[in-house]
Amino acid sequence: QVQLVESGGGLVQAGGPLRLSCKASGRTFSTDTMGWFRQAPGKEREFVAAIVYNLWSASSTYYAESVKGRFTISRDNAKNTVYLQMNSLKPEDTAAYYCAARRSGSPTMQTYEYWGQGTQVTVSS
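Okay, so let's go over this structure. (Residues numbered from 1 in each chain as written. Predicted model: local features only at pLDDT ≥ 70, side-chain atom pairs only at ≥ 80, totals over all residues. Heavy atoms only, no water.)

### Observations concerning the sheet that holds strand β3 (residues 18–25)
In plain terms, the rule: Here the rule is simple: two strands pair whenever DSSP picks up at least two bridges between them. Helix and strand assignments follow DSSP, with helices taken as H or I runs no shorter than four residues and strands as E runs no shorter than two, numbered in order from the N terminus. Helix axes use the C-alpha atoms of the stretch in contact, all axes being lines fitted to C-alpha atoms, and the angles between their N-to-C directions lie in the range 0 to 180 degrees.
Within the open sheet, the four strands sit side by side as β1-β3-β8-β7. Their pairing is antiparallel. Single-partner strands in this sheet number two, and they are β1 (3–7) and β7 (71–76). Strand-to-strand twist of the sheet, defined as the mean angle between neighbouring strand axes without regard to direction, takes the value 15 degrees. For β7 and strand β8 (residues 81–86), the ladder comprises six bridges, and the chain directions are antiparallel. Bridging across to β8, serine 74 finds its partner in tyrosine 83.

### What about the packing of aromatic side chains?
The condition that has to hold: Each Phe, Tyr or Trp ring, with Trp reduced to its six-membered ring, pairs with another whose centre is within 6.5 Å; inter-plane angles below 30 degrees give stacked pairs, above 60 give edge-to-face pairs, and intermediate values give tilted ones. In this scheme, a residue with accessible area under 20% of its type's maximum is buried, one over 50% is exposed, and one in between is partly exposed, where area comes from a 1.4 Å probe on protein chains only. Over a ring means this: the NZ of a Lys or the CZ of an Arg is within 6 Å of the ring centre and within 35 degrees of the ring normal.
For the coordinates displayed, the defined rule picks out five aromatic pairs. Seen in terms of ring centroids, phenylalanine 29 and tyrosine 114 are 6.2 Å apart; in terms of plane orientation they differ by 80 degrees. Their pairing is edge-to-face. Residue phenylalanine 29 is found in the loop between β3 and β4 (33–39), and its partner tyrosine 114 is found in strand β10 (residues 114–115); the two are separated by 85 residues along the sequence. On the accessibility criterion, phenylalanine 29 (2% relative accessible area) is buried. For tyrosine 114, a relative accessible area of 22% puts it in the partly exposed group. The rings of Phe37, Phe47, Tyr112 and Trp115 are connected pair by pair, giving a single aromatic cluster. Stacked on the ring of tyrosine 98, the Lys or Arg arginine 45 has its end atom at 5.9 Å from the ring centre.

### Observations concerning the state of the cysteines
Selection rule: Defined by distance alone, a disulfide is two cysteine sulfur atoms within 2.5 Å.
Considering all chains together, one arrives at one disulfide under this definition. Each sulfur in the disulfide pair cysteine 22 and cysteine 99 lies 2.1 Å from the other. Here the disulfide of cysteine 22 and cysteine 99 is left-handed, its torsion about the S-S bond being about -75 degrees. With a gap of 77 residues between them, cysteine 22 in strand β3 and cysteine 99 in strand β9 (residues 95–102) connect regions that are remote in the sequence. Accessibility assignment for this pair places cysteine 22 and cysteine 99 in one class, buried.

If you want it as structure tokens, here you go:
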């Protein structure tokens, strides 16, 4: 049974950092594309970041324009875990953050195979 479990959400002041974790279980995800998405109240879920496995080179990373330069996605394959380091947080980053995994396909589209339950991030001004 495949599971993705997010953790690390919480309340943080604007300008502060927060690191989200997503622990995968049920099989090895080392070659999967792993993504983070978020959904704010009253808004549609949107892409945040993704990391794509490359056979012959380092993983590729993708970011939404709104988080580029502030957020960093990384993975620890030994732990079957992907991280989202969020710095310089803004109130508009407030949302439920979801981890997702897929074996192939676009890293920025929402057609991922597996999804976590989400973790809430609230940024106060």
